[in-house]
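# Close look at the chain arrangement
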Amino acid sequence: MSDNNIYYCQHCGIPFSVPDDWKKEYAGCQTCGGSSKVNDLKRAEKDTKGQWVVSKEKIIPEGKIKFEVKMRKGNNDALEKAIFIDDELLDWSVDVSSLVEAMKMGPKFYKSVQRDIEKHFTESVSEVVGRKVDAEEIKKATIMGWI
Ligand SMILES: [Zn+2]
């Protein structure tokens with residue numbers, strides 16, 4: 001990857017490369033598949049360690065809302081993942097004790113508890129978003145920054 005043709009994807013903010021001899025008006029991002037207008041692209045930047053930095057500027061398509069996964073301090077000062085939808089914290093947490101109980105009961109129970117958690121999670125997200133979303137869509141949203 002040559003350093004002088006790396007731009008920020010307008011959808012996910014992750015740097016992607018546009019070939020030097022690219023003649024089309026739009027270029028597709030290798031991470032999210034979204035198309036960005038080449039003339040509007042901003043050059044990607046590296047941090048002091050030479051790693052590509054992900055852009056904070058993302059374009060949220062019409063009809064979609066912001067979806068962010070941030071680390072924050074939870075109980076006992078432990079870092080935990082928190083999900084923010086449209087800047088609102090998603091009130092959702094995993095019931096760890098029931099997972100531990102299920103683990104004791106064997107892999108079959110563990111799997112079914114995990115499935116329940118995933119179902120509960122997608123239902124919580126769906127409720128906030130205002131339409132039915134599935135796990136696959138949520139996974140994509142964590143990359144894209146919107147849902
Ligand atoms: Zn992208």
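As the structure is a computational prediction, the values presented were derived from the model and not from experiment. (Residues numbered from 1 in each chain as written. Predicted model: local features only at pLDDT ≥ 70, side-chain atom pairs only at ≥ 80, totals over all residues.)

### A word on the overall build of the protein
We apply this condition: Counting from the N terminus, the helices are DSSP H or I runs at least four residues long and the strands are E runs at least two residues long. The globule rule used for comparison is 2.2 Å times the number of residues to the exponent 0.38, while the radius of gyration itself is calculated over C-alpha atoms. Every C-beta atom is placed from the backbone, and the number of other C-beta atoms within 10 Å of a residue's own sets its class: buried at 20 or more, exposed at 12 or fewer, partly exposed in between. Whether two residues are in contact is decided by their C-beta atoms, placed from the backbone, lying within 7 Å.
The helix and strand inventory of the protein stands at 3 helices and 7 strands. Taken from the N to the C terminus, the helices and strands of the protein come in the order β-β-β-β-β-β-β-α-α-α. A compact globule built from 147 residues would reach a C-alpha radius of gyration of about 15 Å, whereas the protein, at 19 Å, exceeds it by more than 25%. Overall, the C-alpha framework of the protein stretches about 60 × 35 × 30 Å when taken along its three principal axes. The buried share among the 147 residues of the protein stands at 15%. Expressed as a percentage of contacts within the protein between residues at least 6 apart in sequence, the contacts between residues at least 24 apart total 41%.

### Some details on the sheet that holds strand β7 (residues 88-89)
To keep things clear, this is the line we draw: By this definition, two strands are paired if DSSP reports at least two bridges between them.
The strand order across the open sheet built from 3 strands is β5-β6-β7, with neighbouring strands paired in antiparallel fashion. The open sheet has two free edges, formed respectively by β5 (67-73) and β7, since each of these has just one partner strand. Inspection of the sheet shows strand β6 (residues 79-85) paired to β7 by 2 bridges, in the antiparallel sense. Note that in β7 the partner of I85 across the bridge is E88.

### Overview of the packing of helix α1 (residues 96-104) against helix α2 (residues 107-129)
Which entries qualify depends on this criterion: Interaxial angles span 0 to 180 degrees and are taken between N-to-C directions of axes, which are lines fitted to C-alpha atoms, for helices over the stretch in contact. Here is the rule for angles: anything less than 35 degrees is roughly parallel, anything more than 145 is roughly antiparallel, 65 through 115 is roughly perpendicular, and the remaining ranges are oblique. Three classes are used: nonpolar for Ala, Val, Leu, Ile, Met, Phe, Trp, Tyr, Cys and Pro, charged for Asp, Glu, Lys and Arg, and polar for all others, with Gly counted as polar.
Close contact between α1 and α2 brings their axes to 6 Å; oriented N to C, the two are set at 155°. What the angle tells us is that α1 and α2 run roughly antiparallel. Of the residues in α2, those touching α1 at S98, L99, A102 and M103 are F109, Y110 and V113. Of the residues belonging to the contact of α1 with α2, the class tally is 6 nonpolar, 1 polar and no charged.

### Focus: the pairing of β5
Where β5 meets β6, 7 bridges bridge the pair, whose relative direction is antiparallel. Of the residues in β6, the one forming a bridge with E68 is F84. Taking the residues that link successive antiparallel strands as the turn, the β5-β6 hairpin has 5 residues, and the phi of N76 there is positive, at about 55°.

### What about the nonpolar core?
Note the following rule: We define the nonpolar core as any set of buried residues of the types Ala, Val, Leu, Ile, Met, Phe, Trp, Tyr and Cys, connected via C-beta atoms lying within 7 Å of each other. Per the annotation, domain bounds derive from an automatic or database assignment of domains.
Counting 11 residues, the largest nonpolar core consists of Y8, C9, C12, I14, F16, C29, A44, F67, A141, M144 and I147. Viewed by domain, this core spans two of them, domain 1 (1-59) and domain 2 (67-144), each represented by three or more residues. Apart from the residues within four sequence positions on either side, C9 is in contact with I14, F16, C29, T31, C32, G34 and S36.

### Quick look at α2
Here is the rule: Expected helix span is computed as 1.5 Å times (number of residues minus one).
Counted at 1.5 Å a residue, the expected span for α2 with its 23 residues is 33 Å, and the 33 Å between its end C-alpha atoms agrees. Where α2 ends, the next residue or the one after it, G130, has phi of about 90°, a positive value.

### Description of unusual backbone geometry
What is expected of a backbone is that most residues other than glycine have negative phi and most peptide bonds are trans. For D86, which is not glycine, the phi dihedral falls at a positive 55°. You can call D86 partly exposed: it has 15 C-beta atoms within 10 Å. One non-glycine residue, D87, adopts positive backbone phi at about 70°. Of note, D87 is situated in the loop between β6 and β7. The exposed category is assigned to D87, around which 8 C-beta atoms lie within 10 Å.

Limitation: the analysis is restricted to geometry and does not speak to function.
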